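Chain by chain, the residues:
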Amino acid sequence: MEADGFVSRRTSVETPGVDSRVAGAAAGAEFRWLGGRLLDATGGFVGSLPPRMTGEQDFAPVLHRATPETSTSVEPEIDYEGLPQGVATSTHMLAGAVAGIMEHCLMYPIDCVKTRMQSLHPEPGARYRNVMDALRQIVRTEGVWRPIRGVNVLAVGAGPAHAVYFACYEKIKFSLSDAIHPGTNSHFANGVAGCMATVLHDAMMNPAEVVKQRMQMFNSPYRSVLDCMGSLLRREGPAAFYRSYTTQLTMNVPFQALHFMTYEYLQELLNPHRQYNPSSHVVSGALAGALAAAATTPLDVCKTLLNTQEAQAIHVIQAEAFRTVYRMGGVPAFFKGVQARVIYQMPSTAISWSVYEFFKYIITKRQHERRLRGDRDGDK
C-alpha cells in the first residue's frame, strides 16, 4: 500500500547476511518507509532503504543489525535522521549549541555593521555606503578589534539558547508531523515547531542581544560587557533586558517559520533521501536565511531601536516602535541595513545548518558504531 510517500507492506526479510533471528522476527511484520528509514509498526527504527528503492518495486530492507561474519566487511548505512530513542534530545542539544556558537561568533563583525547601519540618526563618523565600507572605516578609525566587541556575551548566550532551540524544533516537528499525517513531512508542522522553538530561544537570548547591541553602537560608552550590564541595571532596571522581547518575537516568529519551512522544502528538492549531504545543507540554509532576513528587516529595525535606545529617538520612545521608525525616516527607514542583514543571514544560517547537521551525523555515527559492537558482543 502506498500513499503520499508512506509505504506500509507485509514482507519477509530474505536479505543475505542479515541475522536470521532478526529476519524471523521481521517476517509478517508491518513496516513503513519514511524519508529512507524503515520503521516498525510501533515507530521504532529498524533500518534504511537504498535510495534506488522507490515506487512499486519490491524491496528488501537493509537492516542495521548484521551477523558477525558480514559486519566486519560491510559497513552498514548510517541513518543520522533516525536517532535512537533516549539519546536524540542530547544529540540535538549538543549539535545545536556548537552550531549556535560558531554561527554567531564567525558572523559577528557583519552583525556589528548591521546594527550601526540600522541607526535612525547615525553620527557623522558612523555613516557608511555599504558593508565593506563600514568594516574598513570601523577598523581604520576604531581599531582592528572593534567589530568583535561584545562577542563574548553573545557566545555565552548562544550556546544554551541554540541547544534548546534545535532540540525543541526537532521534537515538536516529528511529533506534530506524525499527528497530522504519519509518514510524511508536514510544512505546517515545520512552521509551528520553528515558532515554538523561537519563543524559548529568544527568552534566553534577549538579554545577550541587548548588551551586544549596546556594545556595538558608535561611541559606545561602556568599557566592557560587565560594565554595560551593571549600567543597564542601575539606570534602566531589569526590564531593559526584555524591552524588545515582544518586538523580537514579532520579528523572529515569522522569520523562523519562513526559515524552517524554506529549509525543509529545499531539503526535499536537493536531498530527498535526507542523508548527510553538506552541500545541500549549505545551499538550503543560505537561501532560507536570505529569504527570511529580507522579509523581516522592518521588524529588525524596530528591535534595534528598542535595544539601543538612541538618544535622538528617546523623546518619542514611548510611542509604538513602528510609529517611531516611520516618523523619523518614513518607509525607507524600515529597510535600513537590509543589505547587511541579508549578507549576515545567508552565511550565518548556512554555517548553522551545516555545523548542526555535521555534529548530529558524527554523534549519531559513534552511537551507531557502539550499538553495532554491542550487538556483535551479544551474538558471540
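Definitions and limits used
- Residues numbered from 1 in each chain as written.
- Predicted model: local features only at pLDDT ≥ 70, side-chain atom pairs only at ≥ 80, totals over all residues.
- Heavy atoms only, no water.
- Core = buried A, V, L, I, M, F, W, Y, C linked by side-chain atoms within 4.5 Å.
- Buried < 20%, exposed > 50% of the residue type's maximum accessible area, 1.4 Å probe, protein only.
- Contact = heavy atoms within 4.5 Å.
- Phe/Tyr/Trp six-rings, centres within 6.5 Å; stacked < 30°, edge-to-face > 60°.
- Helix = DSSP H or I, 4+ residues; strand = E, 2+ residues; numbered from the N terminus.
- Expected span 1.5 Å × (residues − 1).
- Bend = angle between axes of the 7 residues up to and from the residue.
- Axes fitted to C-alpha atoms, helices over the stretch in contact; angles between N-to-C directions.
- Parallel < 35°, antiparallel > 145°, perpendicular 65-115°, else oblique.
- Left-handed = near helix turned anticlockwise from the far one by under 90°.
- Nonpolar A, V, L, I, M, F, W, Y, C, P; charged D, E, K, R; others polar.
- Salt bridge = Lys/Arg side-chain N within 4 Å of Asp/Glu carboxyl O.

## What about the nonpolar core?
Here is step 1 of the chain: Residues Val113 and Trp353 are the most contacted members of the largest nonpolar core, which totals 27 residues.
Here is step 2 of the chain: Apart from the residues lying within four places of it in its own chain, the contact partners of tryptophan 353 are Phe166, Tyr169, His259, Phe260, Tyr263, His281 and Gly285.
Here is step 3 of the chain: Core analysis: the next-biggest nonpolar cluster, separate from the first, contains eleven residues, Met215, Val225, Ala240 and Phe241 among them.

## Thoughts on the packing of aromatic side chains
Here is step 1 of the chain: Tallying each qualifying case throughout the model produces twelve aromatic pairs.
Here is step 2 of the chain: Taking 5.5 Å as the distance between ring centres and 80 degrees as the angle between the ring planes, the aromatic pair formed by phenylalanine 166 and tryptophan 353 counts as edge-to-face. Highlighted residues: phenylalanine 166 in helix H6 (residues 151-180) and tryptophan 353 in helix H13 (residues 338-379), separated in sequence by 187 residues. An identical accessibility class is assigned to phenylalanine 166 and tryptophan 353; each is buried.
Here is step 3 of the chain: Ring geometry for phenylalanine 166 against tyrosine 356: centres 4.0 Å apart, planes inclined by 15 degrees, an arrangement best described as stacked. Here tyrosine 356 lies in helix H13 and phenylalanine 166 lies in helix H6, a separation of 190 residues in the sequence.
Here is step 4 of the chain: Here the aromatic residues Tyr165, Phe166, Tyr169, Phe260, Tyr263, Trp353 and Tyr356 are joined through ring pairs into a cluster of three or more.

## A word on H6
Here is step 1 of the chain: Helix length check: H6 (30 residues) gives 41 Å between terminal C-alpha atoms against 44 Å at 1.5 Å per residue, within 8%.
Here is step 2 of the chain: Along H6, the largest kink reaches about 30 degrees and is centred on alanine 158; proline proline 160 follows within four residues of it.

## Side note on the packing of helix H7 (residues 187-216) against helix H8 (residues 225-235)
Here is step 1 of the chain: One way to put it is that H7 packs onto H8 with a least axis distance of 10 Å and a crossing angle of 110 degrees. On the basis of their axis angle, the class for H7 and H8 is roughly perpendicular. By crossing handedness, the relation of H7 to H8 is classed as right-handed. Contacts between H7 and H8 involve Val210, Val211, Arg214 and Met215 from the first element and Val225, Cys228, Met229 and Leu232 from the second.
Here is step 2 of the chain: Of the residues assigned to the contact of H7 with H8, the class counts are seven nonpolar, no polar and one charged.

## Points about the packing of H7 against helix H11 (residues 297-308)
Here is step 1 of the chain: In contact at an axis separation of 9 Å, H7 and H11 are set at 80 degrees when each is read in the N-to-C sense. One way to sum up the angle between H7 and H11 is to call them roughly perpendicular. Contacts between H7 and H11 pair Glu209, Val210, Gln213 and Arg214 from the former with Lys303, Thr304, Asn307 and Thr308 from the latter.
Here is step 2 of the chain: For the contact of H7 with H11, the class distribution of residues is one nonpolar, four polar and three charged.

## Side note on the environment of valine 342
Here is step 1 of the chain: If you trace the backbone, valine 342 turns up in helix H13.
Here is step 2 of the chain: In this structure, the C-alpha to C-alpha distance between valine 342 and leucine 287, residues 55 residues apart in sequence, is 9.9 Å.
Here is step 3 of the chain: When near neighbours in sequence (up to four residues on either side) are disregarded, valine 342 contacts Ala290, Ala293, Ala294 and Pro347.

## Digging into the pattern of salt bridges
Where side chains of opposite charge bring their charged atoms close, a pairing between them can arise.
Here is step 1 of the chain: Taken as a whole and assessed by the stated rule, the structure comprises 18 salt bridges.
Here is step 2 of the chain: Between glutamate 142 and arginine 116 there is a salt bridge, with its nearest N and O atoms 2.7 Å apart. Residue glutamate 142 is found in helix H5 (residues 131-142), and its partner arginine 116 is found in helix H4 (residues 108-117); the two are separated by 26 residues along the sequence.
Here is step 3 of the chain: For arginine 116, a relative accessible area of 3% corresponds to the buried category.
Here is step 4 of the chain: Accessibility expressed as a relative area gives 25% for glutamate 142, which makes it partly exposed.
Here is step 5 of the chain: The network of salt bridges with shared partners includes Asp111, Lys114, Glu209, Lys212, Asp300, Lys303 and Arg341.

## What to know about the side chain of glutamine 213
Here is step 1 of the chain: In this fold, glutamine 213 is placed in helix H7.
Here is step 2 of the chain: With residues near it in sequence (within four places) discarded, glutamine 213 still touches Lys114, Thr115, Lys303, Thr304, Asn307 and Thr308.

## Some details on H11
Here is step 1 of the chain: With twelve residues, H11 extends 16 Å between its outermost C-alpha atoms, agreeing within 8% with the 16 Å of an ideal straight helix rising 1.5 Å per residue.
Here is step 2 of the chain: Within H11, burial applies to Thr297, Pro298, Leu299, Asp300, Val301, Cys302, Lys303, Thr304, Leu305, Leu306, Asn307 and Thr308.
Here is step 3 of the chain: Buried positions along H11 lie against H4, H7, helix H9 (245-270), helix H10 (278-295), helix H12 (321-329) and H13.

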